[in-house]
Amino acid sequence: MLKKILFVVLGLLAALILFACAFYTKAYFSTEARLNTFYQVVPEQVTVSSDSSTLAYGARLTTAKGCKDCHGNDLGGKIFIDDPMLGVIPGPNLTKGEFGLPADYSTNDWVRALKHGLGRDGKPLVIMPSHEFTQLTQKDMAALISFLQSMPAVNRSLPALRLKPLTYVLTELEKIDLIPAEKIDHQRALVKDIEVGITTEYGKYLSVACQGCHRANMKGGDPIAPGFPPVANISLSGNPGKWTEQEFIATLRTGITPEGKTLLPEQMPWNMTAAYSDVELKALYKYLHTLQ
Ligand code: HEC
Ligand code: HEC
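Here is what the cut-offs are and how they apply
- Residues numbered from 1 in each chain as written.
- Chains lettered and ligands numbered in written order.
- Predicted model: local features only at pLDDT ≥ 70, side-chain atom pairs only at ≥ 80, totals over all residues.
- Heavy atoms only, no water.
- Donors = N, O, S within 2.8 Å, 3.2 Å for Na, K, Ca; no water.
- Tetrahedral: all angles 85-135°; square planar, octahedral: opposite > 155°, others 65-115°.
- Helix = DSSP H or I, 4+ residues; strand = E, 2+ residues; numbered from the N terminus.
- Buried < 20%, exposed > 50% of the residue type's maximum accessible area, 1.4 Å probe, protein only.
- Domains from an automatic or database assignment.
- Contact = heavy atoms within 4.5 Å.
- Buried area = accessible area lost by both parts, 1.4 Å probe.
- Salt bridge = Lys/Arg side-chain N within 4 Å of Asp/Glu carboxyl O.
- Polar contact = N/O pair within 3.5 Å; in protein donor to acceptor, adjacent residues only side chain to side chain.
- Pairing = 2+ DSSP bridges.
- Near = heavy atom within 4 Å.
- Nonpolar A, V, L, I, M, F, W, Y, C, P; charged D, E, K, R; others polar.

Would you mind showing me how to read the coordination of the iron atom of ligand 2 here?
Four donors placed tetrahedrally around a metal ideally meet at 109.5 degrees, and six donors placed octahedrally ideally meet at 90 or 180 degrees. Protein ligation of the iron atom of ligand 2 involves His-214 (NE2) and Met-268 (SD), the donor distances falling in the range 2.0 to 2.2 Å. Viewed at the metal, the 6 donor atoms of the iron atom of ligand 2 are separated by angles of 87 to 179°, and the geometry they form is octahedral. One end of the pair, His-214, is in helix H9 (residues 208-214); the other, Met-268, is in the loop between helix H10 (245-254) and helix H11 (270-273), and 54 residues separate them in sequence. Both residues of the pair, His-214 and Met-268, belong to the buried class.

Next comes the structure, spelled out in structure tokens:
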């Protein structure tokens, strides 16, 4: 009798291991196939400028759109994920210094990366939230690229990108957004401009930078990756729904909420929102307060 039970248990265990191996094999090969898909796109023409106010605005956008969180404060690159289960994911050196972008990296190449989520070879970039940047206006895209092309060179070498098993499994289970290029409408033209002001419309435009974590409805949910906290609800039904405009602004500039909670910049990027102007934060507050 005991022998029979042992036999059944071992059988089940073997079946389970076999199933896990089969699942992992499928996850690995299907993710690799997706990463090696070539996308044929025609980058939209964006006119860069060397006008000093455009460059200053573009510089601020590299903070406000989170580029520095992944590519380093000098945009010379940094490792932003180094995890034994997930892998090593560096945000590459975006300057034209040693180990940076090639000298002939063009405006079209910048548009291909930012608007389409694709590398120069037409294959998807991983993790980089291009599905958000693709929604930038033509004016913001042009200012951003104008600045990026004028940045001082930083010589910094980084380890190569290496994905580990958990990343393949979470991608297959659709638990992480590894390949933003797949979610982008590559035919869509950039919106020309949007009027700056304390309006829900402008707030909605800015909230695209919050969507990747707080979701489109701003109600938050599961952590964006293992090791991160659950994402807070920032719609009217969450804590910010009870805050005054001043409390909201102070939270996004200091990382301390009216409830006394300290937000860690690696988890909730408030060093990004700290760079927002009063008008931008007020517009965001106004928009979030329309979401029931
Ligand atoms: C969440 C992290 C993250 C953010 C935010 C982010 N990036 Fe990236 N970016 C990456 C990663 C990771 C890669 C490398 C992807 C790869 O090699 O597949 C990358 C690649 C790139 C590339 C392609 C470089 C090449 O060698 O082809 C460019 C250009 C780029 N990022 C620019 C930007 C700019 C500009 C911003 C802000 C508007 C930004 N990124 C924001 C993570 C990020
Ligand atoms: C990289 C992911 C990420 C992005 C992008 C992001 N947030 Fe968050 N945010 C979080 C997480 C995670 C928390 C919860 C942190 C915690 O519990 O410690 C949070 C918390 C907050 C809180 C505090 C809520 C509370 O109940 O205390 C506010 C306010 C907030 N976010 C606003 C924003 C706004 C506005 C944007 C866009 C401009 C934004 N966040 C972008 C991840 C993000």
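Before we go on, may I ask you to explain the domain arrangement of the chain in this structure?
How big an interface is tends to be expressed through the accessible area that disappears when the partners come together. For the chain, the assigned domains are domain 1 (1-191) and domain 2 (200-288). For domain 1 and domain 2, the distance between their C-alpha centroids amounts to 23 Å. Each partner contributes to the interface: domain 1 provides 16 residues, whereas domain 2 provides 16 residues. A combined buried area of about 1,300 Å² lies between domain 1 and domain 2, and 51% of that area is made up of carbon and sulfur atoms. Counting the contacts that link domain 1 with domain 2 gives 1 salt bridge. Notably, a salt bridge pairs Arg-60 with Glu-280, separated by 3.0 Å at the nearest N-O pair. Our enumeration of links across domain 1 and domain 2 arrives at 6 residue pairs in polar contact (both at pLDDT 80 or more).

Hey, could you run me through the coordination of the iron atom of ligand 1 in this one?
Ligation of the iron atom of ligand 1 by protein atoms is provided by His-71 (NE2) and Met-128 (SD), these donors lying 2.0 to 2.2 Å from the ion. What the 6 donor atoms of the iron atom of ligand 1 show is an angle range of 87 to 179° at the metal, which sorts the shape as octahedral. One end of the pair, His-71, is in helix H3 (residues 67-71); the other, Met-128, is in the loop between helix H4 (107-116) and helix H5 (130-133), and 57 residues separate them in sequence. The residues His-71 and Met-128 share a single accessibility class, namely buried.

It is not clear to me how the sheet that holds strand S2 (residues 87-91) should be interpreted in this structure. Could you clarify?
Strand pairing in a sheet relies on backbone hydrogen bonds. The paired strands run either parallel or antiparallel. Read from one edge of the open sheet, 3 strands run S1-S2-S3, paired in antiparallel fashion. Either end of the sheet is taken by a strand with one partner, and the two such strands are strand S1 (78-83) and strand S3 (162-163). Note that S1 and S2 share 5 bridges and pair antiparallel. Counted as the bridge partner of Lys-78 is Gly-91 from S2.

Hey, could you run me through the site of ligand 1 in this one?
Taken together, 21 residues form the shell around ligand 1, and within it Cys-67, Cys-70, His-71, Val-126 and Met-128 come nearest. Contacts to ligand 1 include His-71, whose side-chain N or O atom sits 2.8 Å from a nitrogen atom. Contact distances for ligand 1 include 2.9 Å between an oxygen atom and a backbone N or O atom of Val-126. Looking at the shell around ligand 1, the elements with two or more residues in it are H3, S2, H4 and helix H6 (138-149). Residues of the shell around ligand 1, tallied by class, amount to 19 nonpolar, 2 polar and no charged.

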